[in-house]
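Residues per chain, in single letters:
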Amino acid sequence: MSMGIDGISAMINQTGKSAADNRSSALQNKVSGDLSKSSDEELMEVCKDFEAYFVEQVMKEVEKTIPKNEEDEDASMSQLRDFYKEEMIQTFAGEICEKQNLGLAQQMYEQMKRNITM
């Protein structure tokens, strides 16, 4: 069974979309669950995950504002580039949140602690 470059490109595109959907679904499940019985570490981890996801979404929106020159690129290379770009943005967002103190995770953590104890 052989697969052409278009088939491989479609598979890469679908895999990237599926991975992104799974990541947002996993985060939503964490946040929408019963956090009242969570430890402080688990609660802070959820807040940090959300902060990284938020930064990732901001980076994706900023990237959309950059003009593209796609004249020299075929469809398969474009899909491959997009797949690796998604992975790179996720990695950068995680590193930004880990190395920089944005404060969003801490503020969410404090707010959640106040709401849980009420």
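Source: prediction; values computed, not measured. (Residues numbered from 1 in each chain as written. Predicted model: local features only at pLDDT ≥ 70, side-chain atom pairs only at ≥ 80, totals over all residues. Heavy atoms only, no water.)

A. Fine view of the packing of aromatic side chains. If you walk through the whole model with that rule in mind, you get one aromatic pair. An angle of 75° between the planes, with centres 5.2 Å apart, marks the rings of F83 and Y84 as edge-to-face. (Phe/Tyr/Trp six-rings, centres within 6.5 Å; stacked < 30°, edge-to-face > 60°.)

B. Structural view of the side chain of E51. Residue position: E51 is located in helix 2 (residues 40-64). One buried charged side chain, E51, makes no salt bridge at all; its nearest oppositely charged neighbour is K48, positioned 7.5 Å away. A polar contact is formed between the side chain of E51 and the backbone nitrogen of L104, at a distance of 3.2 Å. Residues within four places of E51 in sequence aside, it is in contact with C97, L102, G103, L104, A105 and M108. (Helix = DSSP H or I, 4+ residues; strand = E, 2+ residues; numbered from the N terminus. Buried < 20%, exposed > 50% of the residue type's maximum accessible area, 1.4 Å probe, protein only. Lys, Arg positive; Asp, Glu negative; His and termini not counted. Salt bridge = Lys/Arg side-chain N within 4 Å of Asp/Glu carboxyl O. Polar contact = N/O pair within 3.5 Å; in protein donor to acceptor, adjacent residues only side chain to side chain. Contact = heavy atoms within 4.5 Å.)

C. Molecular detail of the packing of helix 2 against helix 3 (residues 75-99). The interhelical angle for the contact between helix 2 and helix 3, taken along N-to-C directions, is 130°, at an axis separation of 8 Å. One element, helix 2, and the other, helix 3, form an angle in the oblique class. When the axes of helix 2 and helix 3 are compared, the crossing they make is right-handed. Contact residues: E51, A52, V55, E56, M59, K60 and E63 in helix 2; K85, E86, I89, Q90, F92, A93, G94, I96 and C97 in helix 3. When the residues that make up the contact of helix 2 with helix 3 are grouped by side-chain class, the tally is eight nonpolar, two polar and six charged. (Axes fitted to C-alpha atoms, helices over the stretch in contact; angles between N-to-C directions. Parallel < 35°, antiparallel > 145°, perpendicular 65-115°, else oblique. Left-handed = near helix turned anticlockwise from the far one by under 90°. Nonpolar A, V, L, I, M, F, W, Y, C, P; charged D, E, K, R; others polar.)

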